[in-house]
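Next come the chains, spelled out residue by residue.
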Amino acid sequence: MITVAVAYHSGYGHTARQARAAADGARSVSGVRAELHDVTSLTDGLWEGLSGAEAIIFGSPTYMGSQSAAFQAFAEASAKIWVDMGWRDKIAAGFTNSAGVNGDKLNTLTSMALLAAQHGMTWVTLGLPPGWLYSADGRDDDLNRLGGFLGAMAQSPSDAGPETAPSLADLRTAEHLGRRVAQTALRLASGRRALDGTAV
């Protein structure tokens, strides 16, 4: 079995819904299991879980144009993994949520991609064309309705609780990302086995 870990922080529950959607997408792929890891608590169990995964999907809300303080604390604490290149060659991806339609979410995803690059990980993009306002006949329930490429973006109105936001379209986009990461991790593992002579 391939393990996809979703390492996330959620301040109010909206990003947690995104995290669950990404995990659902990953586990929809045969031969893949998904684990959710709340990075608020930097426990040995967290680091062990991420160490044992073939892929890590990072998730954080975008606050004031950047990742949350809790996610940043996790990123900085991962320096002890970086010293030994413990995550090198793992698959990585990311998602984020903010109240604003733009909200400078790209800055958060860029920070996650740089974190992955410093760890020597291989970043997986969203792999979807933009939806919604990209064309005159776009719909607000399109996949990738917010038009991101680096990772999955979601928008939750500031006065909407996590029981109603983010939208179904945004959750389906996170699910797509989880599935894409799982498929990529499976292909990579299959290629490694072939190179090792353990599979044809």
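Residues numbered from 1 in each chain as written. Predicted model: local features only at pLDDT ≥ 70, side-chain atom pairs only at ≥ 80, totals over all residues. Heavy atoms only, no water.

Asks: Got a minute to help me understand the pairing of strand S1 (residues 2-8) in this structure?
Replies: Across a regular strand the side chains alternate sides, sitting on one face of the sheet and then on the other. Within S1, seven of the seven residues are buried, which leaves it mostly tucked inside the rest of the structure. Residues Ile 2, Val 4, Val 6 and Tyr 8 of S1 are buried on one face, and the alternating residues Thr 3, Ala 5 and Ala 7, pointing to the opposite face, are buried as well. Summarising the sheet, S1 and strand S2 (residues 32-38) pair through seven bridges and their orientation is parallel. When the bridges of S2 are listed, Val 4 appears paired with Ala 34. In this view, the connection linking S1 to its parallel neighbour S2 by way of helix H1 (residues 14-27) has right-handed handedness. As defined by bridge partners, S1 adjoins strand S3 (residues 55-63) across five bridges and the pair is classed as parallel. Residue pairing for S3: Ala 7 is matched across the bridge by Phe 58. (Buried < 20%, exposed > 50% of the residue type's maximum accessible area, 1.4 Å probe, protein only. Helix = DSSP H or I, 4+ residues; strand = E, 2+ residues; numbered from the N terminus. Pairing = 2+ DSSP bridges. Right-handed = clockwise from strand over helix to strand, strands pointing away.)

Asks: Looking at this structure, I do not really get a nonpolar patch on the surface. What am I missing?
Replies: Together, Tyr 12, Tyr 63 and Met 64 make up an exposed nonpolar region whose accessible area comes to about 450 Å². Its place among the elements puts Tyr 63 in strand S3. (Patch = residues over 30% accessible without salt bridge, like charges linked within 9 Å, V, L, I, M, F, W, Y side chains within 5 Å. Areas by Shrake-Rupley, 256 points an atom, 1.4 Å probe, with all protein chains shown as cover. Salt bridge = Lys/Arg side-chain N within 4 Å of Asp/Glu carboxyl O.)

Asks: Looking at this model, I keep getting lost on the side chain of Ser 156. Mind explaining?
Replies: Take Ser 156: it is sitting in the loop between strand S7 (152-155) and helix H6 (168-196). Since its relative accessible area comes to 3%, Ser 156 is described here as buried. Not counting chain neighbours up to four residues away, the residues in contact with Ser 156 comprise His 14, Asn 97, Ser 98, Ala 99, Ala 165 and Pro 166. (Contact = heavy atoms within 4.5 Å.)

Asks: Would you mind showing me how to read helix H2 (residues 44-51) here?
Replies: Residues spaced three or four apart along an α-helix face the same direction, because each turn holds 3.6 residues. Turning to H2, its buried residues number three or more, namely Leu 46, Trp 47, Gly 49 and Leu 50. For H2, the angular spread of the buried residues around the axis is 160 degrees, confining them to a single face. Turned more than 90 degrees away from the buried face of H2 sit Asp 44 and Glu 48, all of them exposed. (Arc of directions from axis to C-beta.)

Asks: Mind showing me how you'd approach the packing of aromatic side chains here?
Replies: In this description, an aromatic ring pair is defined by two values, namely the gap between the centres and the angle between the planes. Counted by the stated rule, this structure contains seven aromatic pairs. Residues Phe 74 and Trp 87 carry aromatic rings whose centres are separated by 6.3 Å and whose planes lie at 35 degrees to one another, so their mutual orientation is tilted. Remark: Trp 87 occurs in the loop between helix H4 (79-82) and strand S5 (91-98) and Phe 74 occurs in helix H3 (residues 69-77); sequence separation between them is 13 residues. Among the aromatic side chains, those forming a connected cluster through ring pairs are Trp 47, Phe 58, Phe 71, Phe 74 and Trp 87. In this structure, Arg 145 is placed above the aromatic ring of Trp 132, and the distance from its NZ or CZ to the ring centre is 5.2 Å. (Phe/Tyr/Trp six-rings, centres within 6.5 Å; stacked < 30°, edge-to-face > 60°. Lys NZ or Arg CZ within 6 Å of the ring centre and 35° of its normal.)

Asks: For this particular structure, what's the right way to read unusual backbone geometry?
Replies: Glycine aside, residues mostly have negative phi, and peptide bonds are mostly found in the trans state. Residue Ala 165 is joined to Pro 166 through a cis peptide bond whose omega torsion reads 5 degrees. Positive phi is not limited to glycine here, since Met 64 has a value of about 50 degrees. Structurally, Met 64 is set in the loop between S3 and strand S4 (66-67). The exposure class assigned to Met 64 is exposed, which follows from its relative accessible area of 87%. For Met 85, which is not glycine, the phi dihedral falls at a positive 50 degrees. Here Met 85 is to be found in the loop between H4 and S5.

Asks: It is not clear to me how the environment of Gly 86 should be interpreted in this structure. Could you clarify?
Replies: By the element assignment, Gly 86 lies in the loop between H4 and S5. By relative accessible area, which is 39% here, Gly 86 ends up partly exposed. Remark: the alpha-carbon pair of Gly 86 and Asn 107, spanning 21 residues in sequence, is separated by 25 Å.

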